[in-house]
Amino acid sequence: MANILYPAPLKVGSKIAICSLSSGLKEKYHARLDRVIDGLKHRGYEVVEGEFLRQNKPRDELDAKAHAKQLMGFLLDDEVAAIMPPMGGELAMEILPLLDFNAIKEVKPKWLVGFSDVSTIACALTAKCQWATLHSANLMQLHPDETNPYSLQIFETITYESGSKFEQGPSAYYQKNKPNYAQNPDELLAPSEPTQWQCLNYTDERTIEMSGRLFGGCLDTVGLLLDSPFLALHDFKKHSANEGLILYLENSELTPTTVARFLLSLKLAGVFDDINGLILGRSEITQSHHDAFDYRHALEVALGGCLFPVIIDADIGHVQPNLNLVNGAKCSLTADINQGKVLNASLNTELI
């Protein structure tokens, strides 16, 4: 396995860059942005804002070259310890061919933190540069008064030394409704729906175990790129042949039928060959009147016959809260299964 490079632990005075990847924030979200940035400063971090952070231009006025140049500036700046986009955006893949990955390999790694379209860039940095990256809640969800342990875990993870270990498990509750930061800049997570992880393809009573290097992100974007040179998953799998891979994915906007198509296309491309397990997040879209079947049926069509364990409805992605998943890190998951339900689960991550 090629060595995974873990960023230096953040400490008081470390510099965090806040930048958009493909589009800035509309003015109605600026009050929320101010709250979360104040929270970072209160923790003792130095914050620098990207020039497009508070600009939200029409799609035809966005400049991918300018966004790529801005991101490269932060990636190559050894004084920057972490990059935290406020949210994912729409077309981060547009800047992938404009990034100089050879130059990035020559500098100190830094944490890229977030989910959704942030994972497009994060996966590329892990696959092509061997940088560990953090799939977690986005910055806009990190209000200084937030007490959710999954959100707070972010500030622990970015301070860990290489070799550190931490453990996570399923949440007790998840939040069904989307927050409205424009209407309430101080809104906090308010999970109310009982969490129930499921095992898609094992229904008998058993204990399952999977281990390997973590890799994954948003199916809507990463799913289109897993077989591309920019994510180079096949090469990454070859490097981790002795340990295997745990792949995780989550859906944002895809209808059930489209989810099935995406997953079947990945299966046909060999993406699921030689992986040790697959973990899927809860989906925002579970049913569409245009679809012949619901989200669960879509997963069964695409993945029901898989021999490796397939865990679904996990705390990953657009239905909060979010596990803290370190791309590139060694991970093991142990879970008791009964009638397809995950009665308990332990996800152990080791930064080696």
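What you are looking at is a predicted structure, and each value in this text was computed from that prediction instead of being measured.

(A) The arrangement of the side chain of Arg 213 in detail. Take Arg 213: it is sitting in strand β10 (residues 206-218). Polar side-chain contacts of Arg 213 include one of 2.4 Å to the backbone oxygen of Ile 352.

(B) Region of interest: the side chain of Gln 130. Inspection of the secondary structure puts Gln 130 in the loop between α4 (118-129) and β5 (133-135). Classification of Gln 130 as buried rests on a relative accessible area of 18%.

(C) Examining the packing of helix α8 (residues 256-268) against helix α9 (residues 295-303) more closely. In the contact formed by α8 and α9, the axes pass within 8 Å of each other and the chain directions differ by 15°. It follows that α8 is roughly parallel to α9 by the angle criterion. Note that α8 runs across α9; the crossing there is right-handed. Between α8, through Pro 256, Val 259, Ala 260, Leu 263, Leu 264 and Lys 267, and α9, the contact on the second element is made entirely by Tyr 295, Ala 298, Leu 299, Val 301, Ala 302 and Leu 303. Tallied by class, the residues present in the contact of α8 with α9 amount to 11 nonpolar, no polar and one charged.

(D) Examining the pairing of strand β13 (residues 310-314) more closely. Of all five residues making up β13, four are buried, and the element is well covered by its neighbours. Relative to β13, strand β9 (residues 198-199) runs antiparallel, the two being bridged by two bridges. Bridge assignment links Cys 199 to a residue of β13, and that residue is Ile 311. When strand β12 (residues 277-281) meets β13, the two strands line up parallel, connected through three bridges. Pairing of Leu 278 across the sheet is with Val 310, part of β13.

Reading guide: rules and limits
- Residues numbered from 1 in each chain as written.
- Predicted model: local features only at pLDDT ≥ 70, side-chain atom pairs only at ≥ 80, totals over all residues.
- Heavy atoms only, no water.
- Helix = DSSP H or I, 4+ residues; strand = E, 2+ residues; numbered from the N terminus.
- Polar contact = N/O pair within 3.5 Å; in protein donor to acceptor, adjacent residues only side chain to side chain.
- Buried < 20%, exposed > 50% of the residue type's maximum accessible area, 1.4 Å probe, protein only.
- Axes fitted to C-alpha atoms, helices over the stretch in contact; angles between N-to-C directions.
- Parallel < 35°, antiparallel > 145°, perpendicular 65-115°, else oblique.
- Left-handed = near helix turned anticlockwise from the far one by under 90°.
- Contact = heavy atoms within 4.5 Å.
- Nonpolar A, V, L, I, M, F, W, Y, C, P; charged D, E, K, R; others polar.
- Pairing = 2+ DSSP bridges.

In short, shape yes, function no, at least from these values alone.
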